[in-house]
Amino acid sequence: MMTTITLAIICLVFVSVLISFALRRRAVTSHIQGPTRPSFWLGHEWVLRHQDDAGGLELQWYRRYGSVVRIAGCFGQTALLVSDAKALEHILQGSPPTAFPKTGDHTRMLQLAFGPGVLSTEGLIHQRQRRVLNPAFSETQLRQLLELFQSSSTELINLLEQKVDSEPTIVNILDWTSRASLEMIGIASFRYAFGAISGAESELLHALHRVIGEMRLYASQLEILYASLWRFLPRSVLRILELFPSKENAHFARFRQTCERVAHSIFTEVLSSTDAEKYTDGVKKDVVGVLAAASTSNDPKKEMQIEEILAQMATFIFAGHDTSAGAVAWVLYELALHPEDQERVRSEVLVASKQKTLAGQKFDATDYDSMPYLNAVIKESLTLLESLRLHPFAHSLPRIAEHDDVLPLAEPIVDVNGKILSEVAIQKGQVLITSLLNYNRSENVWGSDAQLWRPSRFFETEKSINIGVYANLLSFSAGNRSCIGWRYGVMSMQVLTAAFLESFNLEPLDSVEICHAPMQVSSFPAVRGKFQEGPQVPLLLSKRTATG
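Conventions used here
Here the residue index of a chain counts from 1 through its sequence in written order. pLDDT decides what is reported in this predicted model: residues at 70 or higher carry local features, side-chain atom pairs at 80 or more are listed and counted, and totals for whole chains, interfaces and linings draw on all residues regardless. Excluded from the side-chain calculation are hydrogens and water; included are all heavy atoms of the structure. What counts as a helix is a DSSP run of H or I of at least four residues, what counts as a strand is a run of E of at least two, and both are numbered from the N terminus. Exposed residues in this analysis have more than 50% of their type's maximum accessible area, buried residues have under 20%, and partly exposed residues fall in between, with area computed by a 1.4 Å probe over protein chains only. Reported accessibility uses the Shrake-Rupley method at a 1.4 Å probe radius. Residues are deemed covered only where the shown protein chains occlude them. Two strands form a pair only when DSSP identifies at least two bridges running between them. A cavity, in this analysis, means grid points on a 1 Å lattice covering only the protein atoms where a 1.4 Å probe fits yet has no way out; a pocket is instead an open set bounded by protein on both sides within 12 Å along at least five of seven lines, and a residue lines either one if it has an atom within 4 Å of a point. Grid points are joined across faces, edges and corners, and a volume is the space filled by probe spheres set on the points. For helices, the axis comes from a line fit to the C-alpha atoms of the stretch in contact; other axes are also lines fit to C-alpha atoms, and the angle between any two N-to-C directions lies between 0 and 180 degrees. Each residue carries a pLDDT value, the predictor's own confidence for that position, ranging from 0 to 100. Throughout, a residue-residue contact means that at least one pair of heavy atoms, one from each residue, lies within 4.5 Å. The nonpolar core is taken to be a set of buried Ala, Val, Leu, Ile, Met, Phe, Trp, Tyr and Cys residues, with the residues joined through side-chain atoms within 4.5 Å. Here a salt bridge means any side-chain nitrogen of Lys or Arg lying within 4 Å of a carboxyl oxygen belonging to Asp or Glu. Ring pairs are drawn from Phe, Tyr and Trp, using the six-membered ring of Trp, whenever the two centres fall within 6.5 Å, and their geometry is named by plane angle: stacked under 30 degrees, edge-to-face over 60, tilted for the rest. An angle below 35 degrees is read as roughly parallel, one above 145 as roughly antiparallel, one from 65 to 115 as roughly perpendicular, and any other as oblique. Only Asp, Glu, Lys and Arg are considered charged, only Ala, Val, Leu, Ile, Met, Phe, Trp, Tyr, Cys and Pro nonpolar, and every remaining residue, Gly among them, polar.

A. Structural detail: the overall build of the protein chain. Looking only at helices and strands, the protein chain features 23 helices and 11 strands. The buried share of the protein chain, reckoned over its 548 residues, is 58%. Surface accessibility of the protein chain: about 22400 Å² in total, with carbon and sulfur atoms responsible for 53%.

B. Structural view of the pairing of strand E5 (residues 405-414). Relative to strand E6 (residues 420-426), E5 runs antiparallel, the two sharing 6 bridges. Within E6, the residue paired with isoleucine 413 across the bridge is leucine 421. With antiparallel pairing between neighbouring strands as the criterion, E5 and E6 make up a hairpin whose turn holds 5 residues, including glycine 418 at a positive phi of roughly 85 degrees.

C. Spotlight on the layout of surface pockets. Estimated volume of the largest pocket: approximately 370 Å³. Taken together, 19 residues line the largest pocket, and the ones lying closest to its centre are Gln150, Ser153, Thr154, Tyr368 and Glu502. Secondary-structure elements contributing two or more residues to the lining of the largest pocket are helix H9 (146-164), helix H18 (339-358) and helix H23 (486-503). No other element matches the 7 residues that H9 contributes to the lining of the largest pocket.

D. Summary view of the sheet that holds strand E11 (residues 538-543). Strands sit in the order E3-E11-E8 across an open sheet of 3 strands; the sheet is antiparallel. The open sheet has two edge strands, strand E3 (169-172) and strand E8 (504-507), and neither has a second partner. Pairwise comparison of adjacent strand axes, ignoring direction, gives a mean angle of 40 degrees for this sheet. As paired strands, E8 and E11 are joined by 4 bridges and run antiparallel to one another. Of the residues in E11, the one forming a bridge with asparagine 505 is serine 542.

E. Structural context of the environment of phenylalanine 458. Position of phenylalanine 458 relative to the elements: it lies in the loop between helix H22 (443-446) and H23. Judged by its relative accessible area of 18%, phenylalanine 458 is buried. C-alpha separation for the pair phenylalanine 458 and asparagine 472, spaced 14 residues apart in sequence, amounts to 9.8 Å.

F. Highlighting the confidence of the model for the protein chain. Of all residues in the protein chain, 85% have pLDDT values of 70 or greater, and the mean over the chain is 85. Predicted confidence for residues 384-388 stays below pLDDT 50, and this span has 46 contacts to residues more than four positions away or in other chains.

G. Fine view of the nonpolar core. Counting residues in hydrophobic clusters, the biggest one holds 118 residues, and the most contacted among them are Phe190, Phe316, Phe500 and Leu541. When residues of this core are assigned to their parent elements, the largest contribution, 15 residues, is made by helix H17 (residues 306-337). If sequence neighbours within four positions are ignored, phenylalanine 500 has contacts with Leu156, Ile157, Leu160, Ile173, Thr177, Leu332 and Leu541. Within the second largest apolar cluster, 13 residues are counted, among which are Phe75, Tyr226, Trp230 and Leu238.

H. How the structure looks around the environment of arginine 131. In this structure, arginine 131 sits in helix H7 (residues 123-133). What makes arginine 131 partly exposed here is its relative accessible area of 44%. Counting along the chain gives 171 residues from arginine 131 to lysine 302, while the straight-line C-alpha distance between them is 7.6 Å.

I. Structural detail: the environment of histidine 516. By secondary structure assignment, the location of histidine 516 is in strand E9 (residues 514-519). Residue classification places histidine 516 among the buried positions, given a relative accessible area of 6%.

J. The arrangement of unusual backbone geometry in detail. Backbone torsion omega between serine 95 and proline 96 reads -5 degrees, so that peptide bond is classified as cis. Within the chain, alanine 471 stands out as a residue other than glycine whose phi angle is a positive 55 degrees. The residue alanine 471 is located in the loop between H22 and H23 in this model.

K. Molecular detail of helix H20 (residues 372-381). Within H20, 9 of the 10 residues are buried, which leaves the element mostly enclosed by the surrounding structure. Buried within H20 we find Tyr373, Leu374, Asn375, Ala376, Val377, Ile378, Lys379, Glu380 and Ser381.

L. Up close: the pattern of salt bridges. According to the stated counting rule, one finds 18 salt bridges in the structure shown. The residue glutamate 122 makes a salt bridge to arginine 481 at a minimum N-O spacing of 3.1 Å. In this structure, glutamate 343 and arginine 346 form a salt bridge, with 3.0 Å as the shortest nitrogen-oxygen distance. Remark: arginine 346 and glutamate 343 occur in helix H18; sequence separation between them is 3 residues, near one turn of the helix. Judged by its relative accessible area of 37%, glutamate 343 is partly exposed.

M. View of the packing of aromatic side chains. Under the definition given, this model contains 18 aromatic pairs. With a centroid separation of 5.3 Å and an interplanar angle of 50 degrees, the aromatic rings of phenylalanine 114 and phenylalanine 318 are classed as tilted. With phenylalanine 114 in helix H6 (residues 104-114) and phenylalanine 318 in helix H17, this pair connects stretches of sequence that are 204 residues apart. For the pair formed by phenylalanine 114 and phenylalanine 318, the shared burial category is buried.

N. Geometry of the packing of helix H14 (residues 247-271) against H17. One can describe the packing of H14 onto H17 by two numbers: an axis separation of 9 Å at closest approach and a directional angle of 105 degrees. Taken together, the axes of H14 and H17 are roughly perpendicular relative to one another. Taking contact as the criterion, the partners of Phe255, Arg256, Cys259, Glu260, Ala263, His264, Ile266 and Phe267 in H14 are, on H17, Ile306, Glu307, Ile309, Leu310, Met313, Ala314 and Phe318. Across the contact of H14 with H17, the residue classes tally to 11 nonpolar, 1 polar and 3 charged.

O. A look at the sheet that holds strand E7 (residues 431-435). Read from one edge to the other, the open sheet built from 4 strands follows the order E1-E2-E7-E4, with strand pairing classed as mixed. Unpaired on one side and paired on the other, strand E1 (68-72) and strand E4 (396-400) mark the two borders of the sheet. Within this sheet the neighbouring strands show an average axis-to-axis angle of 30 degrees, counted without direction. In the sheet, strand E2 (residues 78-82) pairs with E7 via 4 bridges, with the strands oriented parallel. Paired with alanine 79 across the bridge in E7 is valine 431. Of the strands in this sheet, E1 and E2 touch helix H4 (residues 56-65), which is tilted by about 125 degrees from E1.

Now the structure itself:
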């Protein structure tokens, strides 16, 4: 692992190259308004990684400068913060789909943490992997897994009822939704019980908590500089830098090793089971089933090597656990803050539950989808890594232009010369920070009360721009890089939210505010002023009586 001195020397060696590159790029975007560069070396990257509420600065800049903002990167580089609906549609779901790949530093981080999986690969490799995995995330397949989701939620609620007992109890909701989410991904995707809900010791659960904790640690200035080099330097030079991994890189590598070890054990068990033939011949369509079929396929368009297979499993374990857990916790927190909406959703769930009980049936997927207010609060919550409009899974996604292009704008901006622009020209190599948070809170898209909690907005007229895979939100991204498991995420949120409201009343704690603590391009829910205590969403839970 590199020392501070070694890292400093390596960064400085490439300064002259980067300065000349930066000056060339700056000339093209110099007319776009933006905040003053605070540092040549760190740009705005240091302050963005160290803000008290993730996404707060980006939102301020959007309000002040408009839907495209020029911000400063490391080593004099310039990036464009893009919040405009039409520009985001062009970047994320335009043609060709490979025109705006992930930046090199973002791709490298994902490769270090998960390996060559669907999150980190590009081009034809990504297309092949996605083609193999698609059947596991089809609507038909997920509907077959609903009963497994419900079983996990029932186990969770039963344990919580024992904890809450007869008196209102303070509970870290995020801890419990994390347990349920890991168990759901294990059973539904890999037919493997982690025992997370019951509190069983798990190497994987420890690794998940550790990597999330390490990702929360504020990166040093030198580590930020080091990571930024992957955006600009040629591959031949980066091979030399890889000989000197940073502390942050080491955290990701350790997590990947643990995930691969656990995933390899699960996968080996599947292939040696009595049902192995059903997996390898493609009969079983869950995640581990399609991966098993890919491992024995002779078709180049359908095969996967063992390294790719383990990478997919590591990816889905982390993403399925972290994003779903945070999303449900945010929904429950917002419902605790808004008791009238909590009661409206609860009434909706109880009425449907009574009807199903009288018919001797359980909820099916159609029942969950047919509860309008349940789904409205889920959508309203999904805005900032990870509830949907107000609390998305990731607040931004870095992209880079593969060629010269022009970004169309739904919201014209005013440049530094006072000229109104309805489009922005960009050069090949331009870094674009696509702000999911700003889009999800745009008054131009969501109305003048976009910053406020109002689930009923989703009963109103559809938006003029159709972007993303769910409810015109960008919480699951968009286009060929949209979240492959978005239906899985929505279903798990529906099941867990309904189960909590059937059994408990939720209240916020006095003087406790939950906010978005920064975590690179993502964030995690934490108590304001207590980031060092890690992710948490404490709420006051009381058992629901027959009358309320």
